[in-house]
Amino acid sequence: MNAAVRAVVRMGIYVGAKVYFIYEGYQGMVDGGSNIVEADWESVSSILQVGGTIIGSARCKAFRTREGRLSAACNLVQRGITNLCVIGGDGSLTGANIFREEWSGLLEELARNGKIDKEAVEKHAHLNVVGMVGSIDNDFCGTDMTIGTDSALHRIIEVVDAIMTTAQSHQRTFVLEVMGRHCGYLALVSALACGADWVFIPESPPEEGWQETMCAKLSENRARKKRLNIIIVAEGAIDNQNKPITSEQIKELVVKQLGYDTRVTILGHVQRGGTPSAFDRILASRMGVEAVVALLQATPETPACVVSLSGNQAMRLPLMECVQMTQDVQKAMDERRFKDAVQLRGRSFEGNLNIYKRLASKTPDSQIPKSGCHVGVINVGAPAAGMNAAVRAAVRVGISEGHKVFAIYDGFEGFARGQIKEIGWSDVGGWTGQGGSILGTKRTLPGKHLEQIAAQMRAHSLNALLIIGGFEAYLGLLELSAARERHEELCVPVVMVPATVSNNVPGSDFSIGADTALNTITDTCDRIKQSASGTKRRVFIIETMGGFCGYLANMGALAAGADAAYIFEEPFDIRDLQSNVEHLTRKMKTSIQRGLVLRNESCSENYTTDFIYQLYSEEGKGVFDCRKNVLGHMQQGGAPSPFDRNFGTKISARAMQWISTKLKEARGTGKRFVTDESICVLGISKRNLVFRPVVELKKETDFEHRIPREQWWLKLRPLMKILAKYKASLEVSDLGQPEPVSGHSEPAAI
């Protein structure tokens, strides 16, 4: 929420508006006085990394009454406030809408009572309201993600990872209760991200007789040498009679029926706290800026809107339509129409549930029709967090489709040497939380090994290939595509899933691994800022990875609140460096006496990190001193973030389904796959999952610099500059009117 507050204040000041803090939610608006205070640029400094909200929040009974709203309106009019930005859940947003609808009536009543004059009534005739959804449950319809959800998932996954190590030592069963009184999003996604054995969510209660099914599944997993069981329960979990299912009940059941050592962990308010994740900071900053633009563009006819996220697009939707849909979900659950409840939550929620069911339990072999097809899975390029989650999903979906799945070790080099082995369902257990690449990965391209690779394809009768990797994987895909004429063994369906911290694969807006790297950068920047604020007047130059792609440097700068980010995509010269130094010199005269500058490793051949460090040190003499930090391979390591685990799982499962469809079409015809659309990159574009033939992507690629010619995140570049107090022109969304809520295609959001 603080990132959103910061963005609203700074964007408001940037466009020349007066911005006020209203402390303690609606209570502060009703009480007025010192609860409504003008904010300046510095009052939101150093709050990006702080959890909670610096302006406080409170449930307010008074605002639910007309008297309460009267005094709130009076307090706003006295300060000339007619634009309100509300960050909260559906209750807060509904309240804001009622307030807006009653506004003119409230002002007339205030004038009759002599509290304000007629002139004030005319001058402040309309109240504009824009909402942003801050809720860790992700329970608001119309947006893929609410502010706070990703950070809550981080807290849950940190706990699950810690519990897994203790449970494995002691062969225990853990029942983990997470928040979500009316929405199972946190429980479902964390179950997906840690490969939990069972999950209970309010939207999809277990079927009759679930007790026996669950116990049978737990003992089956133990028999497969799985040393721990994890069961995740949303606090609002119910059975299909709408009776609560509690974590204690589940524990008693497991102990009584199976005699397992079982512990309950209730996460409670831990999930609300802690440092916000990089994703949440960027999301909230984008929403805050969009909210200010929406208020500036609002007319008396514009309905109250809510700023939401769809894929990677910031959108505006009619507030009350979203609130209505959110309430419809609860209604469906109360009436035990659980299928409808899941659908109303949106395609993304439904997709998560279906994939979880598919990956969590293995259908008995006797019930899976055998396809007779062999599918190879390979990692190519540098390791990226989330690769293992992608391999696990591919293996399990492949097996459930009736294929034999083969793991290819050590990239194309291992492929050529025949390091290929069939991999089973339980071989990939516990892989989701592992960083790096368990299969091993190499940067070698297939070009010089094509003969041997074709021979290995023949020897293992591989009918399809799934490649998980970065730019090398993309180049390898192009080489395989070109070699099809010479080697008929390569005329099979081939699909690539992008996985690289650099996020530079053409055909996809996101790559597996980039989110984890971004969190590493953000965490490091937080620590550095802390050390800098202790010593005062210090500027840090930080070098990030990414090759020629500035994604990590730019988004890291936005998430960490940096003063500048140098990237290859936006050429800079000595004059830019000079203006940055002058900007920092001015900043050191304020109360914010520290600076942060990010530099992408290949942004310029001559303006190296050392050069920039020396230049800043020289120019800043007497005003600030300078330090530099090269983050290096830290950005590739570590446990994958919830986003990367989930994204890797979903996109890889989708790739394997595509392979199955292709193989089914050709079954029995002995068909060779030679068309362009049988060798693809699967990526996210705006808000859809898209399969793009690799040859089509050639013209969209800058091969020399290994980046796509067009990159969506560059339009967020001005955002970073505005929030750091530079002049920049922002491309605002061209939506004067909010979009309709329904009719979204398959959402890409996680």
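Since this is a predicted model, take the numbers as computed values, not measurements. (Residues numbered from 1 in each chain as written. Predicted model: local features only at pLDDT ≥ 70, side-chain atom pairs only at ≥ 80, totals over all residues. Heavy atoms only, no water.)

Q: Hey, could you go over the sheet that holds strand 17 (residues 564-566) for me, with residue numbers and the actual values?
A: Pairing is parallel across the open sheet formed by four strands, whose spatial order is 17-18-16-19. Looking at which strands have only one partner, the edges of the open sheet turn out to be strand 17 and strand 19 (625-630). Neighbouring strand axes in the sheet, compared pairwise and without regard to direction, differ in orientation by 20 degrees on average. As judged from the six bridges shared by strand 16 (residues 538-544) and strand 19, these two strands associate in the parallel manner. Residue pairing across strands places Phe 540 opposite Arg 627, the latter belonging to strand 19. Contacts from helix 20 (residues 574-588) reach strand 16, strand 17 and strand 18 (594-600) within the one sheet, and its direction differs from that of strand 18 by about 155 degrees. (Pairing = 2+ DSSP bridges. Helix = DSSP H or I, 4+ residues; strand = E, 2+ residues; numbered from the N terminus. Axes fitted to C-alpha atoms, helices over the stretch in contact; angles between N-to-C directions. Contact = heavy atoms within 4.5 Å.)

Q: I'd like a rundown of the environment of Val 674, residues and numbers included.
A: Position of Val 674 among the secondary structure elements: in the loop between helix 22 (642-666) and strand 20 (679-685). Distance from Val 674 to Thr 262, taken between C-alpha atoms, is 54 Å for residues 412 residues apart in sequence. Those residues within four positions of Val 674 in sequence are excluded, and the remaining contacts are Arg 484 and Cys 491.

Q: Residues and numbers for a positive patch on the surface, please.
A: Among the surface-exposed residues, Arg 59, Lys 61, Arg 64, Arg 181 and Arg 272 lie close enough to one another that they form a single positively charged patch. Lys 61 sits in the exposed class, given a relative accessible area of 73%. (Patch = residues over 30% accessible without salt bridge, like charges linked within 9 Å, V, L, I, M, F, W, Y side chains within 5 Å. Areas by Shrake-Rupley, 256 points an atom, 1.4 Å probe, with all protein chains shown as cover. Salt bridge = Lys/Arg side-chain N within 4 Å of Asp/Glu carboxyl O. Lys, Arg positive; Asp, Glu negative; His and termini not counted. Charge placed at Lys NZ, Arg CZ, Asp CG, Glu CD. Buried < 20%, exposed > 50% of the residue type's maximum accessible area, 1.4 Å probe, protein only.)

Q: Kindly report on the packing of aromatic side chains, identifying the contributing residues and their values.
A: Taken as a whole, this structure holds 18 aromatic pairs when the rule is applied. Seen from their ring centres, Phe 279 and Phe 643 are 5.6 Å apart, and the 35 degrees between their planes marks the pair as tilted. Of the two residues, Phe 279 is situated in helix 10 (residues 278-297) and Phe 643 in helix 22; the sequence distance between them amounts to 364 residues. Using a relative accessible area of 17% as the deciding quantity, one classes Phe 279 as buried. A relative accessible area of 10% places Phe 643 in the buried class. (Phe/Tyr/Trp six-rings, centres within 6.5 Å; stacked < 30°, edge-to-face > 60°.)

Q: Requested: an account of the domain arrangement of the protein, with residues and values cited.
A: Each assigned domain of the protein is listed with its residue range as follows: domain 1 (1-146 + 276-331), domain 2 (150-271), domain 3 (374-512 + 644-704) and domain 4 (515-636). Contacts between domain 1 and domain 4 engage twelve residues on the former and 15 residues on the latter. Carbon and sulfur atoms supply 55% of the area buried between domain 1 and domain 4, which totals about 1,100 Å² over both sides. Two residues, Arg 281 and Asp 526, come together in a salt bridge whose shortest N-O distance is 2.7 Å. In this assembly, domain 1 and domain 4 are joined by five residue pairs in polar contact (both at pLDDT 80 or more). In terms of residue count, the dominant contributor to the side of domain 1 that touches domain 4 is helix 10 (four residues). (Domains from an automatic or database assignment. Buried area = accessible area lost by both parts, 1.4 Å probe. Polar contact = N/O pair within 3.5 Å; in protein donor to acceptor, adjacent residues only side chain to side chain.)

Q: Go over the pairing of strand 5 (residues 173-178), please, and point to the residues and values.
A: Among the six residues that make up strand 5, six are buried, leaving the element largely enclosed by the rest of the structure. Alternating residues of strand 5 divide into Thr 173, Val 175 and Glu 177 and Phe 174, Leu 176 and Val 178, and every residue in both groups is buried.

Q: Give a detailed account of the UniProt feature "active site" (unreviewed entry) in the protein, specifying residues and quantitative values.
A: The positions UniProt marks with the feature "active site" (unreviewed entry) are Asp 137. For Asp 137, the location among the structural elements is in the loop between strand 4 (128-133) and helix 6 (149-170). Residue classification places Asp 137 among the buried positions, given a relative accessible area of 15%. Leave out the neighbours within four places in its chain, and Asp 137 touches Thr 149, Met 179, Gly 180, Cys 183, Tyr 185 and Leu 186. (UniProt positions renumbered as here; feature names shortened; annotations may be inferred.)

Q: Give me the lowdown on the confidence of the model for the protein, citing residues and values where you can.
A: When pLDDT is averaged along the protein, the result is 91; 97% of the residues meet or exceed 70. Contacts of residues 742-750 to residues separated by more than four positions or lying in other chains number 29 contacts, the stretch itself having pLDDT below 50. (pLDDT = per-residue confidence, 0-100.)

Q: Could you give me a rundown of the sheet that holds strand 6 (residues 198-200), with the residues and numbers involved?
A: Overall, parallel pairing links the four strands, which are arranged 6-7-5-8 in an open sheet. Either end of the sheet is taken by a strand with one partner, and the two such strands are strand 6 and strand 8 (262-266). When the angles between neighbouring strand axes are averaged without regard to direction, this sheet yields 15 degrees. Taken together, the three bridges between strand 6 and strand 7 (residues 229-234) define a ladder with parallel strand orientation. Paired with Trp 198 across the strands is Ile 231, a residue of strand 7. Against the sheet, helix 7 (residues 185-194) touches strand 5, strand 6 and strand 7, its axis set at about 165 degrees to strand 7. Across the sheet, helix 8 (residues 210-223) lies against strand 5, strand 6 and strand 7, angled at about 150 degrees from strand 6, the strand it touches most.

Q: Can you lay out helix 13 (residues 347-360) for me, pointing to particular residues and giving the numbers?
A: Across its 14 residues, helix 13 extends 20 Å between first and last C-alpha, which sits within 8% of the 20 Å expected from 1.5 Å per residue. Against the buried residues of helix 13 lie helix 7, strand 6, helix 8, helix 12 (338-344), helix 14 (387-400) and helix 22. (Expected span 1.5 Å × (residues − 1).)

Q: Break down the pattern of salt bridges for me, citing the residues and quoting the values.
A: Scanning all chains against the criterion turns up 32 salt bridges. Taken together, the shared-partner salt bridges connect Arg 66, Arg 69, Glu 102 and Glu 109 into one network.

Q: Let's hear about the nonpolar core: which residues, and what values?
A: Counting residues in each nonpolar core, the largest one holds 134 residues, and the members touching the most others are Ile 232, Leu 466, Ile 468, Tyr 551, Leu 596, Leu 598 and Ile 659. When residues in this core are grouped by element, the largest group, twelve residues, is from helix 10. For Leu 598, the contacting residues outside a window of four places in its chain are Ile 521, Cys 525, Ile 542, Thr 544, Ala 553, Gly 556, Ala 557, Ala 562, Ala 564, Ala 565 and Tyr 566. (Core = buried A, V, L, I, M, F, W, Y, C linked by side-chain atoms within 4.5 Å.)

Q: Quick one: what's the story with the state of the cysteines, residue by residue and with numbers?
A: Per the stated rule, a full pass over the model turns up zero disulfides. Here Cys 215 is not disulfide-linked; the sulfur of Cys 194 is the nearest cysteine sulfur, at 19 Å. A relative accessible area of 4% places Cys 215 in the buried class. Here Cys 525 stays unpaired: no disulfide links it, and the sulfur of Cys 626, its closest cysteine neighbor, is 14 Å away. (Disulfide = S-S within 2.5 Å.)

Q: Tell me what's going on with the side chain of Arg 286, and back it up with residues and numbers.
A: Among the secondary structure elements, Arg 286 is positioned in helix 10. Lacking a salt bridge, the buried Arg 286 has Glu 290 as its closest oppositely charged neighbour, with an N-O distance of 7.3 Å. Setting aside anything within four residues of it in sequence, one finds Arg 286 in contact with Leu 309, Asn 312, Gln 313, Ala 314, Trp 712, Leu 716 and Leu 719.

Q: Describe the pairing of strand 21 (residues 688-693), listing the residues and the values that go with them.
A: Here strand 20 pairs with strand 21 via six bridges, running antiparallel. Residue pairing in the sheet places Gly 683 in a bridge with Val 690 of strand 21. Hairpin connection between strand 20 and strand 21: a loop of two residues separates the two successive antiparallel strands, and Lys 686 in this loop has a positive phi of roughly 55 degrees.

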